[in-house]
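Analysis of the macromolecular model
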Amino acid sequence: QVHLVESGGGLVQPGGSLRLSCAASGIVFSRYTMYWYRQAPGKERELVAAVTGDVRTNYAESVKGRFTISRDNAKNTVYLQMNSLKPEDTAVYYCRSQWFGYDYWGQGTQVTVSS
């Protein structure tokens, strides 16, 4: 059974930082491209960042230079380091793993950026 469990969300002031983690089980983690998505209230879910099995990364324009995605294959975990957070970064953040037709999502973690 596959599980993706996100953690690290919370309330942070504008300009602050958070690090999200997504721990995976039940998959051969190193094969999978890992993604972070987010969904703000009333908006569609959007891609934030991705990292392939060979550690190529991709970012949404809105987070480039502020967010960093990384992976630790020994720990079956993907991270999202978020710096210089803005109120518009407020959303539920979701982890996704994908390898060919195998596609799994986590339950999400809330990130709120507010003073």
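Below is a summary of the structure that appears in this document. (Residues numbered from 1 in each chain as written. Predicted model: local features only at pLDDT ≥ 70, side-chain atom pairs only at ≥ 80, totals over all residues. Heavy atoms only, no water.)

1. Notes on the environment of G8
Take G8: it is sitting in the loop between β1 (3-7) and β2 (10-12). Residue class for G8 comes out partly exposed when judged on its relative accessible area of 34%. Between the C-alpha atom of G8 and that of C22, which follows or precedes it by 14 residues, the distance is 8.9 Å. Those residues within four positions of G8 in sequence are excluded, and the remaining contacts are L18, R19, L20 and T109. (Helix = DSSP H or I, 4+ residues; strand = E, 2+ residues; numbered from the N terminus. Buried < 20%, exposed > 50% of the residue type's maximum accessible area, 1.4 Å probe, protein only. Contact = heavy atoms within 4.5 Å.)

2. Thoughts on the pairing of strand β8 (residues 77-82)
Across the 6 residues that make up β8, a large majority, 5, are buried. Note that strand β3 (residues 18-25) and β8 share 6 bridges and pair antiparallel. Note that in β8 the partner of R19 across the bridge is Q81. With 6 bridges connecting them, strand β7 (residues 67-72) and β8 associate as antiparallel partners. Note that in β8 the partner of I69 across the bridge is L80. Counted between consecutive antiparallel strands, the loop separating β7 from β8 contains 4 residues, among which N76 sits at a positive phi close to 55 degrees. (Pairing = 2+ DSSP bridges.)

3. Structural notes on the sheet that holds β8
The strands making up a sheet associate through backbone hydrogen bonding, with each pair oriented either parallel or antiparallel. Overall, antiparallel pairing links the 4 strands, which are arranged β1-β3-β8-β7 in an open sheet. The sheet is open, and its two borders are formed by β1 and β7, each paired with just one other strand. Averaged over all pairs of adjacent strands, the angle between their axes in this sheet comes to 15 degrees, without regard to strand direction. Across 5 bridges, the pairing between β1 and β3 is antiparallel. Within β3, the residue paired with V5 across the bridge is A23. (Axes fitted to C-alpha atoms, helices over the stretch in contact; angles between N-to-C directions.)

4. Topic: the environment of N58
If you trace the backbone, N58 turns up in strand β6 (residues 57-59). Once you skip the residues sitting within four places of it in the chain, N58 turns out to touch V48, A49 and A50.

5. A short note on the nonpolar core
Soluble globular proteins tend to pack their nonpolar side chains together in the buried interior. Ranked by internal contacts, the top residues of the largest apolar core, which has 29 residues, are M34, W36, V78, L80, M82 and Y93. At the level of secondary structure, the elements contributing two or more residues to this core comprise β3, β4 (33-39), β5 (46-51), β7, β8, β9 (91-99) and β11 (109-113). Here this core takes 4 residues from β3, the largest share from any one element. (Core = buried A, V, L, I, M, F, W, Y, C linked by side-chain atoms within 4.5 Å.)

6. Side note on the pattern of salt bridges
Enumeration over the complete set of coordinates arrives at 6 salt bridges. In this structure, the salt-bridge partner of R66 is D89, at a minimum N-O distance of 2.8 Å. Pair noted here: R66 is in the loop between β6 and β7 and D89 is in the loop between β8 and β9, with a separation of 23 residues, a long-range link. The two residues R66 and D89 agree in class, both being buried. Two residues, R96 and D103, come together in a salt bridge whose shortest N-O distance is 2.7 Å. A relative accessible area of 14% means that R96 is categorised as buried. The class for D103 is partly exposed, based on a relative accessible area of 35%. Each of R38, E46, R66 and D89 takes part in one network of salt bridges that share partners. (Salt bridge = Lys/Arg side-chain N within 4 Å of Asp/Glu carboxyl O.)

What is shown is where atoms sit, not what they do.
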